[in-house]
Amino acid sequence: EDQVTQSPEALRLQEGESSSLNCSYTVSGLRGLFWYRQDPGKGPEFLFTLYSAGEEKEKERLKATLTKKESFLHITAPKPEDSATYLCAVYPDDKIIFGKGTRLHILP
Amino acid sequence: DTGVSQDPRHKITKRGQNVTFRCDPISEHNRLYWYRQTLGQGPEFLTYFQNEAQLEKSRLLSDRFSAERPKGSFSTLEIQRTEQGDSAMYLCASSLGGTGGAEQYFGPGTRLTVT
């Protein structure tokens, strides 16, 4: 069964304290992996798509990387406005399978 | 900005009543998806359309749920005889699909509360 596991479930960091979020997956055939950001009470906001192992994408303080079994979302020198839930999702066929997300809280 | 829109944003209903939600996708997107999300969980796939054709339905989608996408534009999701377990955020997303791109862009969601 296709599955996505994200860790940690929650993470509290001081402003400027860099860290990484993990997404491990088991799928029959990976066509792509997505990262989304979700603020409370809102729909997920698209961040990145990764298609093959070794690929990296960057956007402001965020960098996403992909291996054959997992993906990392690296957050460099985060700011309070980076506080949100970060969702990882895999794309084995025409639908997306999401993990439960990592709730990130950046303290000023 | 013509992103994905959903209506209503909030719905409170009594158990046993029927409710209908609407989703308007990004205009050039031919794929439209419905998801359900409960607190502390990621979105769960319910169903999706390629233009007006409903191509897949999740086992989560009981007989009380029905979705339509007439003319391949907006979509509606109806829940009949609502139950308290139906309380959740219902999310709609759209994508170009195929070689046009798999990225799904989400609307703001409709929060359903069944009392």
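Residues numbered from 1 in each chain as written. Chains lettered and ligands numbered in written order. Predicted model: local features only at pLDDT ≥ 70, side-chain atom pairs only at ≥ 80, totals over all residues. Heavy atoms only, no water.

Draft legend 1. Geometry of the sheet that holds strand β3 (residues 19-24) of chain B. All names here are of chain B. Read from one edge to the other, the open sheet built from four strands follows the order β1-β3-β8-β7, with strand pairing classed as antiparallel. The strands lining the two open edges of the sheet, one partner per strand, are β1 (5-7) and β7 (65-68). Along the sheet, successive strands turn relative to each other by an average axial angle of 15°, direction set aside. One ladder, built from five bridges, connects β3 with strand β8 (residues 75-79); its direction is antiparallel. What sits directly across from Cys23, in β8, is Ser75. (Pairing = 2+ DSSP bridges. Helix = DSSP H or I, 4+ residues; strand = E, 2+ residues; numbered from the N terminus. Axes fitted to C-alpha atoms, helices over the stretch in contact; angles between N-to-C directions.)

Draft legend 2. Focus on the state of the cysteines. Taken as a whole, this structure holds two disulfides over all chains when the rule is applied. Disulfide pairing is shown between Cys23 of chain A and Cys88 of chain A; the S-S distance is 2.0 Å. Classification of the bridge connecting Cys23 of chain A and Cys88 of chain A rests on its S-S torsion, roughly -60°, and on that basis the disulfide is left-handed. On the criterion of sequence distance, the pair formed by Cys23 of chain A in strand β3 (residues 19-26) and Cys88 of chain A in strand β9 (residues 84-90) is long-range, its members being 65 residues apart. Taken individually, Cys23 of chain A and Cys88 of chain A each receive the classification buried, so the pair is uniform in this respect. Linked covalently through their sulfurs, Cys23 of chain B and Cys92 of chain B form a disulfide whose S-S length is 1.8 Å. Judged by the torsion about the S-S bond (-65°), the Cys23 of chain B/Cys92 of chain B disulfide is left-handed. With Cys23 of chain B in strand β3 and Cys92 of chain B in strand β9 (residues 88-95), this residue pair connects regions lying 69 residues apart in the sequence. (Disulfide = S-S within 2.5 Å. Buried < 20%, exposed > 50% of the residue type's maximum accessible area, 1.4 Å probe, protein only.)

Draft legend 3. A look at the pattern of salt bridges. Residues and elements named next belong to chain A. This model, assessed by the stated rule, comprises seven salt bridges over all chains. Between Glu55 and Lys57 there is a salt bridge, with its nearest N and O atoms 3.5 Å apart. Overall, the relative accessible area of 19% leaves Glu55 in the buried class. For Lys57, a relative accessible area of 31% puts it in the partly exposed group. (Salt bridge = Lys/Arg side-chain N within 4 Å of Asp/Glu carboxyl O.)

Draft legend 4. How the structure looks around the sheet that holds strand β7 (residues 62-66) of chain A. Residues and elements named next belong to chain A. The five strands lie next to each other as β1-β3-β8-β7-β6, forming an open sheet whose pairing is antiparallel. Two strands in the sheet have a free side with no partner beyond their single neighbour: β1 (3-7) and β6 (56-59). Neighbour-to-neighbour, the strand axes of this sheet turn through a mean angle of 15°, independent of strand direction. Direction of pairing for β7 relative to strand β8 (residues 70-75): antiparallel, over a ladder of five bridges. Bridge pairing in β8 places Thr65 opposite Phe72.

Draft legend 5. Inspection of the pairing of strand β5 (residues 45-50) of chain A at higher detail. All names here are of chain A. Of all six residues in β5, five are buried, a share of seventy percent or more. With five bridges joining them, strand β4 (residues 33-38) and β5 adopt antiparallel strand pairing. Along β5, the bridge assignment pairs Arg37 with Glu45. Hairpin geometry of β4 and β5 is characterised by an intervening segment of six residues between the two adjacent antiparallel strands and by a positive phi of about 75° at Gly41.

Draft legend 6. Here's a closer look at the layout of surface pockets. Of the volumes computed, that of the largest pocket is approximately 740 Å³. If you go around the largest pocket, you meet 23 residues; those closest to its centre are Glu1, Asp2, Ile97 and Phe98 of chain A together with Glu44 of chain B. Within the residue set of the lining of the largest pocket, elements represented by two or more residues are β1 and β10 (97-98) of chain A together with β5 (44-50) and β6 (53-57) of chain B. In terms of residue count, β1 of chain A provides more of the lining of the largest pocket than any other element does, four residues in total. (1 Å grid on protein atoms, 1.4 Å probe; cavity = no way out; pocket = protein on both sides within 12 Å on 5 of 7 lines; lining within 4 Å. Points joined across faces, edges and corners; volume = space filled by probe spheres on them.)

Draft legend 7. Broad picture of the interface of chain B and chain A. At the junction of the two partners, chain B supplies 21 residues and chain A supplies 18 residues. Surface buried jointly by chain B and chain A totals about 1,600 Å² across both partners, of which 53% is contributed by carbon and sulfur atoms. Three residues, Ala102, Glu103 and Phe106 of chain B, lead the burial of chain B against chain A; their summed loss comes to 27% of the area buried on that side. Here chain B is connected to chain A by zero salt bridges. The tally of links between chain B and chain A comes to four residue pairs in polar contact (both at pLDDT 80 or more). For the side of chain B that touches chain A, the secondary-structure elements that each account for two or more residues are β4 (31-37), β5, β9 and β10 (105-106) of chain B. Broken down by element, the residue count for the side of chain B that touches chain A peaks at four residues, all from β4 of chain B. Taken together, the residues that form the side of chain B that touches chain A break down as 11 nonpolar, six polar and four charged. (Contact = heavy atoms within 4.5 Å. Buried area = accessible area lost by both parts, 1.4 Å probe. Polar contact = N/O pair within 3.5 Å; in protein donor to acceptor, adjacent residues only side chain to side chain. Nonpolar A, V, L, I, M, F, W, Y, C, P; charged D, E, K, R; others polar.)

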